[in-house]
Every structure is written in C-alpha cells, then in structure tokens.
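Architecture at a glance
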Amino acid sequence: RTTYGRHSYLNACEIPDKDTWGKGFSYGGKEAATILSRAALKQALKLTSMDDDLRRMPLTIGIGCASVLVSGEGSPSGKGTVVAMTASGIVLTLSIQMKDLERLRLEEELVLSHLVLQAAELLMMYRENERMATTN
C-alpha cells in the first residue's frame, strides 16, 4: 500500500487518530516505518494463509517505508526510513538522509525504492546464512 497523508496512513495501519495526534509523531520517522511494516506483515500473513502451502508463512515479510521528501534547489535534507520484519521476529532498519541540494523528487523516490529492495535482499541473505549455519 502507498499512503500519502495522515488519514491514509492511519487507515492502512489500522490505528486511531488519537494515538498520534498532538504527540510529536513523525510520519517520516522510524516509528512510522515500524508501524507500517507491522501492518504490511499482518496483511501478508493473511494473504499467505489463504494459500494451500502454509510452509511459506515463515518466509513472509512486511516492509514499511516512511519518508519526508523535500526535493528542489536549496531544500533542506530529505530523509527516509525502511523497516523490514519477518514473521519470526527479525527486524531490519535502514535509514538515509539526502543532503544534495540539487536533487529532484524522482531521484529521492528512486533512492528510497532502492532502500526498500535492499532491505528485502538483506533479509533474504540473512535467512539463507541462518539456514546454512543450522544445516552445517
């Protein structure tokens, strides 16, 4: 899911507005990305449970990306946080601060997209290393 505002974010994460309103909650921070990743994992597990092969459930991951993109000449730093979590409880957090004053919005979105893909790849590599360590 993609959330482009407070209400779509709250709806996607199934949390009430009162849990964030007036509490210094940053929709571009680690807490927001963590909440998104939990919601994504929950949805992925629901979808996986509809499959006939329940052996795939431990391989299910949820990824949440929260960002504040402020592109344009002379803009302050853009930032993004990606949190990926597995059904078995492994959590990976990647953060980036984009300080290039000449960046475009497309460049910021590409960097964040790459961070999301890198998070998925790192979790897969971790699981593979863990599997190999237990079989040796």
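Okay, so let's go over this structure. (Residues numbered from 1 in each chain as written. Predicted model: local features only at pLDDT ≥ 70, side-chain atom pairs only at ≥ 80, totals over all residues. Heavy atoms only, no water.)

Thoughts on helix 3 (residues 105-135)
Relative to the 45 Å expected for 31 residues at 1.5 Å per residue, helix 3 spans 46 Å between its end C-alpha atoms, a close match to the ideal helical length. Restricting attention to buried positions, one finds in helix 3 the residues E108, L112, L115, A119, A120, L123 and R127. On the buried face of helix 3, the contacting elements are strand 1 (61-68), strand 2 (78-86) and strand 3 (91-98). (Helix = DSSP H or I, 4+ residues; strand = E, 2+ residues; numbered from the N terminus. Expected span 1.5 Å × (residues − 1). Buried < 20%, exposed > 50% of the residue type's maximum accessible area, 1.4 Å probe, protein only. Contact = heavy atoms within 4.5 Å.)

Points about the sheet that holds strand 3
Strand order in this open sheet of three strands is 1-2-3, and the pairing throughout is antiparallel. Sheet topology places strand 1 and strand 3 at the edges, where each strand pairs with a single neighbour. Averaged over all pairs of adjacent strands, the angle between their axes in this sheet comes to 10°, without regard to strand direction. Judged from the eight bridges that link them, strand 2 and strand 3 form a sheet pairing that is antiparallel. Bridge pairing in strand 3 links T81 to S95. Seen against the sheet, helix 2 (residues 30-49) touches strand 1, strand 2 and strand 3 and runs at an angle of roughly 150° to strand 1. Helix 3 contacts strand 1, strand 2 and strand 3 of the sheet and is inclined by roughly 155° relative to strand 3. (Pairing = 2+ DSSP bridges. Axes fitted to C-alpha atoms, helices over the stretch in contact; angles between N-to-C directions.)

Function cannot be inferred from these measures alone, as they are strictly geometric.
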